[in-house]
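In case you want the letters, here they are:
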Amino acid sequence: NRLASHAAENRRLTMGEMEVDGSGGSIRLSGDGGISVRAHDSNEWRAQDYAWEDRVFGGDCVYLTNKAALAALRSGAPAETEVAAYLRNIAIEEAVYRSNDERRWIDV
């Protein structure tokens, strides 16, 4: 929830905090954009390194996404984010809601 107050130096940097638990472990997004992971049966969270720059609002993600999409359209090259790859995200999202509604585990 982008309107919730989460712990962060810059609360506009992300839209909040998130933690996802899976059968292999957990992953956590902090309000400052940090990502950490914890393996199943472990108590230790470890920081996950990833390339990221704190530029403009939210690291300028919308600008960079649009720039990459336009470059692909102009050159005829494949886009970085193909619809087929995104369909997996949609399937996972639908399974999350269905799992909640049916109060059971949904395999994806």
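As shown above, the structure is provided for reference.
One structure accompanies this document, and this report is about it. Predicted model only: the values in this text are computed from it and were never measured. (Residues numbered from 1 in each chain as written. Predicted model: local features only at pLDDT ≥ 70, side-chain atom pairs only at ≥ 80, totals over all residues. Heavy atoms only, no water.)

The space that makes up the largest pocket amounts to roughly 390 Å³. Taken together, 13 residues form the lining of the largest pocket, with Ile-92, Val-96, Trp-105, Ile-106 and Val-108 sitting closest to its centre. Elements supplying a minimum of two residues to the lining of the largest pocket: strand E1 (18-22) and helix H2 (83-102). Counting residues per element, the lining of the largest pocket draws most heavily on H2, which supplies five residues. Looking at side-chain class alone, the lining of the largest pocket contains seven nonpolar, three polar and three charged residues. (1 Å grid on protein atoms, 1.4 Å probe; cavity = no way out; pocket = protein on both sides within 12 Å on 5 of 7 lines; lining within 4 Å. Points joined across faces, edges and corners; volume = space filled by probe spheres on them. Helix = DSSP H or I, 4+ residues; strand = E, 2+ residues; numbered from the N terminus. Nonpolar A, V, L, I, M, F, W, Y, C, P; charged D, E, K, R; others polar.)

Reading across from one edge, E1-E2-E3-E4 is the order of the four strands in this open sheet, with antiparallel pairing throughout. Edge strands, defined here as strands with exactly one partner in the open sheet, are E1 and strand E4 (46-47). (Pairing = 2+ DSSP bridges.)

Positioned with a positive phi, Asp-41 is a non-glycine residue whose angle comes to about 65°. Inspection of the secondary structure puts Asp-41 in the loop between strand E3 (35-39) and E4. With phi around 55°, Arg-103 is a residue other than glycine that occupies positive phi space. Turning to its location among the elements, Arg-103 is positioned in the segment after H2. Take Arg-103: its relative accessible area is 66%, and that puts it in the exposed class. (Buried < 20%, exposed > 50% of the residue type's maximum accessible area, 1.4 Å probe, protein only.)

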